[in-house]
Amino acid sequence: MASSLAPHGTHDIVLATLNARWIHASFGLRYLRANLGDLRPRTALIELDAQTKTLDVVERILAERPRVVGLGVYIWNVAPLTAVVQALKRVAPEVVVVLGGPEVSHETEDQTIVAAADYVIRGEGDVAFGALCVRLLEGQRPAAKIIDAPLPDLARLAMPYDEYTDVDVAHRVVYVEASRGCPFSCEFCLSSLDERVRAFPLDAFLDALQRLLDRGVQHFKFVDRTFNLGMATSLRILTFFLERWREGLFLHFEMIPDRLPDALRTVIARFPAGALQFEVGIQTFDEEVAARISRKQDNDQAAHNLRFLRTETGVHVHADLIVGLPGEDLATFARGFDRLLALDPHEIQVGILKRLRGTPIVRHDQEWKMLYGEEPPYEVLSTSCLDFATLQRLRRFARFFDLLRNSGNFVQTAPLLWQDDSAFARFMAFSDWLYARTQAQHGIALHRLAELLFTYLIEVLAVPSDVVGRALWADFQRTRPNDWPAFLRPFAGDETTGRTRAPNAGGKRQARHGAPKASAGDAPA
């Protein structure tokens, strides 16, 4: 390295971001650091969470005495990072601030955070960031503020897995990827902008996985958008883990719902229960809506595959539906929800449509009167098919469904809400009733929620109290046997001894259902 790149301070380069939660290790920053070459030892990686105060973030960054600061910007942290950049440039204007990430890779011209920064790298900046840092540390200041990064050659890209620390290995979500890109063109997704799927050299990737296994990594979250697209690769990766199986190993994949050939089924079925979690993006079962947003999906085959996963494997199935797609009304969404629930995935995440920057979903704005929030996460506020009040009800529906069913706290009791008729209609009625009683979506204590569920089932749906009580008692015995509410005392008999247990004896335990779930975190968009 030239002498003009001599070290300046503690670390000449700081890579930083604000994660949604501490447990989500930043995948993108680790890629950047791994590909800095000779500059890597002169680089510090700082991860804080999005709740950290602005001046505390700035202080932590400046403590490294950097000359260049690279910030990973995402939909969940763009607001607090905007304040960080503005404060950083005010107190240390000589520090060069470089932005990257999906949130600043599109529609950069009208973003406050872009205006406050010095440079923005749009696209996959794994290599482009290092090249820019070399020039900046040599005293050069490129004239162009916006830098469009060419797609890196994955065969020549340094993998980031050795950047995970021992603390990461022991306590945080470890992200991995065997490929980038997506061949499909769903208009709500940033991956629709990809030209093709690109794969990392498989032997080198498996070698990296082996090193992580040797270090004790138990949970692997694959961020590939279409893990089961290439059968040969999928089979080899799954076989790799199956041959090295050990207790506690957990693998998370995103899968194409209508693609599950026999060879893949055979391998999947060999994994122990709870070892695999598949995130299955159904999004909509309405064929007209799917065609409108350029989504290609064989719904019957997707349903067949979900049924196989639930009845013949131990896979934990997490399925997604989207509320607010162009032309999707309450009736069509309800039919899709009922169809999905009948397939019995462990979790159904009802997500509100977001207008991610750069996605072609905006072409429907005029025809379907799509109105979105101006602040992150840019959720749809109303459409010609769903007015604001209805979308608010659906937001509460999604939240309460998380609490009642996805949490796993009420596995036996929740189905009593929809024994007959449309499950969507029955749960929507409960959601409306629950909100009217509490005027809250958050902060409802588990015991209070159980009592409200008990009351609704008995007083509104006329379910016999002994049926409800026994179901609730069974749920608490499964998840919190030493922390059950006092109103369940009449149903708290020990079937083997006839003795009655005392409520709230011992410490509380956090309920877990199936495989652990981690959000997208810092996975590359």
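Residues numbered from 1 in each chain as written. Predicted model: local features only at pLDDT ≥ 70, side-chain atom pairs only at ≥ 80, totals over all residues. Heavy atoms only, no water.

(A) Representation of the sheet that holds strand β12 (residues 276-283) within the structure. Spatial ordering of the open sheet is given by β7-β10-β11-β12-β13-β14, a layout of six strands whose pairing is parallel. Every other strand in the sheet has two partners, leaving β7 (174-176) and β14 (347-352) as the edge strands with one partner each. When strand polarity is set aside, the average angle formed by the axes of neighbouring strands in this sheet is 25 degrees. Here β12 runs beside strand β13 (residues 316-323); their pairing, made up of six bridges, is parallel. (Pairing = 2+ DSSP bridges. Helix = DSSP H or I, 4+ residues; strand = E, 2+ residues; numbered from the N terminus. Axes fitted to C-alpha atoms, helices over the stretch in contact; angles between N-to-C directions.)

(B) Quick look at the sheet that holds strand β3 (residues 68-72). Pairing in this open sheet of six strands is parallel, and the strands run β2-β1-β3-β4-β5-β6 from one edge to the other. Of all the strands in the sheet, the pair left with one neighbour each is β2 (43-49) and β6 (146-148). Looking at each pair of strands side by side, their axes are set apart by 20 degrees on average, direction ignored. Bridge count for β3 against strand β4 (residues 96-100) is five bridges, and the pairing is parallel.

(C) Up close: the packing of helix α7 (residues 202-214) against helix α8 (residues 231-243). Relative orientation of the contacting elements α7 and α8 amounts to 25 degrees, with a least axis distance of 11 Å. In terms of orientation, α7 and α8 fall into the roughly parallel class. Relative to α8, the crossing made by α7 is right-handed. For the pair α7 and α8, contact is made by L202, D203, F205, L206, L209, Q210 and L213 and by T233, R236, I237, F240 and F241, respectively. (Parallel < 35°, antiparallel > 145°, perpendicular 65-115°, else oblique. Left-handed = near helix turned anticlockwise from the far one by under 90°. Contact = heavy atoms within 4.5 Å.)

(D) Looking closely at the packing of helix α9 (residues 262-269) against helix α11 (residues 299-312). Contact geometry for α9 and α11: axes closest at 11 Å, N-to-C directions at 25 degrees. One way to sum up the angle between α9 and α11 is to call them roughly parallel. Two packed elements cross with a definite hand, and for α9 against α11 that hand is right-handed. Residues R265, I268 and A269 of α9 lie in contact with α11, whose contacting residues are Q301, H304, N305, F308, L309 and E312. Residues belonging to the contact of α9 with α11 are distributed by class as follows: four nonpolar, three polar and two charged. (Nonpolar A, V, L, I, M, F, W, Y, C, P; charged D, E, K, R; others polar.)

(E) Quick peek at the pairing of strand β11 (residues 250-255). Across the six residues that make up β11, a large majority, five, are buried. For strand β10 (residues 219-222) and β11, the ladder comprises three bridges, and the chain directions are parallel. The partner of K221 across the bridge, within β11, is H252. Read as a crossover between parallel neighbours, the route from β10 over α8 to β11 is right-handed. Across five bridges, the pairing between β11 and β12 is parallel. Opposite E254, over in β12, you have E279 as the bridge partner. A crossover links β11 with its parallel partner β12, the connecting element being α9, and its sense is right-handed. (Buried < 20%, exposed > 50% of the residue type's maximum accessible area, 1.4 Å probe, protein only. Right-handed = clockwise from strand over helix to strand, strands pointing away.)

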